[in-house]
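Spelled out, the chains give:
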Amino acid sequence: MFAFRGLDRSGVPAYLQLVDQVRHGLLLGHLQEGDQLPTVRAVASALVVNPNTVAKAYRELEHAGLATARAGQGTFVTGDIEQVPAATYARLSGRLRQWLADARRSGLAPEQVRALVDAIMTDEQHRETA
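Since the model is a prediction, treat every value here as computed from it, not as a measurement.

Engineer: Honestly, the layout of surface pockets in this entry has me stumped. Any pointers?
Structural biologist: The gaps of empty space that remain are located by a probe, the size of a water molecule, rolled over the atoms. Its boundaries defined by the atoms lining it, the largest pocket holds a volume of some 1500 Å³. Along the wall of the largest pocket there are 32 residues; nearest its centre are Arg 5, His 24, Leu 96, Leu 100 and Arg 114. Contributions of two or more residues to the lining of the largest pocket are made by α1 (14-27), α4 (86-105) and α5 (110-129). When residues in the lining of the largest pocket are grouped by element, the largest group, nine residues, is from α4.

This is the structure:
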């Protein structure tokens, strides 16, 4: 069964962090259509968050077409997102880990790394549309 990771203090609302974890799980193949998500109570207990926060995340996933609640059974993944191919994941994740290690050795904080990645992705998107 899928397990949520801890939440960070990035300023992103907790429910959106949970939604993003499910999206990433789908993108990377850790979740498949039909998989059952942990119960609201189990997630709230494990992450020490209000159950309403988890319920809000699950409602957001339903609204996005990525999950559905089945009365008395739980919440299940129903949406499908095109996954990163396994060979591509293996090749690029290794290079990305090396890049991140270089960024850490250069003294960059995680928020600086995210800002750098976001800036480069934005630049690339502008190039593609120009």
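Engineer: Before we go on, may I ask you to explain the nonpolar core in this structure?
Structural biologist: Most often, soluble globular proteins keep nonpolar side chains buried together rather than apart. Within the largest apolar cluster, 21 residues are counted, with the highest numbers of intra-cluster contacts made by Phe 4, Val 22, Leu 37 and Leu 61. Elements with a minimum of two residues in this core: α1, α2 (40-47) and α3 (51-63). The biggest single contributor to this core is α1, with five residues. Once you skip the residues sitting within four places of it in the chain, Val 22 turns out to touch Phe 2, Phe 4, Leu 31, Leu 37 and Leu 61.

Engineer: How do you make sense of the packing of aromatic side chains when you look at a structure like this?
Structural biologist: Pairs of aromatic rings are described using the distance from one ring centre to the other and the angle between the two planes. The tally for this structure, following the rule as stated, stands at two aromatic pairs. Geometrically, the ring pair formed by Phe 2 and Phe 4 is edge-to-face, given 5.0 Å between the ring centres and 85 degrees between the ring planes. Here Phe 2 and Phe 4 have matching classes, each one buried. Ring centres of Phe 4 and Tyr 58 lie 6.5 Å apart, and the angle between their planes is 35 degrees; on these two criteria the pair is classed as tilted. Linking Phe 4 in the segment before α1 with Tyr 58 in helix α3, this pair joins segments that are 54 residues apart in sequence. For Tyr 58, a relative accessible area of 4% translates into the label buried. Seen from the ring of Phe 76, Arg 70 lies directly overhead, with NZ or CZ sitting 3.9 Å from the centre.

About the criteria used
Residues numbered from 1 in each chain as written. Predicted model: local features only at pLDDT ≥ 70, side-chain atom pairs only at ≥ 80, totals over all residues. Heavy atoms only, no water. 1 Å grid on protein atoms, 1.4 Å probe; cavity = no way out; pocket = protein on both sides within 12 Å on 5 of 7 lines; lining within 4 Å. Points joined across faces, edges and corners; volume = space filled by probe spheres on them. Helix = DSSP H or I, 4+ residues; strand = E, 2+ residues; numbered from the N terminus. Core = buried A, V, L, I, M, F, W, Y, C linked by side-chain atoms within 4.5 Å. Buried < 20%, exposed > 50% of the residue type's maximum accessible area, 1.4 Å probe, protein only. Contact = heavy atoms within 4.5 Å. Phe/Tyr/Trp six-rings, centres within 6.5 Å; stacked < 30°, edge-to-face > 60°. Lys NZ or Arg CZ within 6 Å of the ring centre and 35° of its normal.

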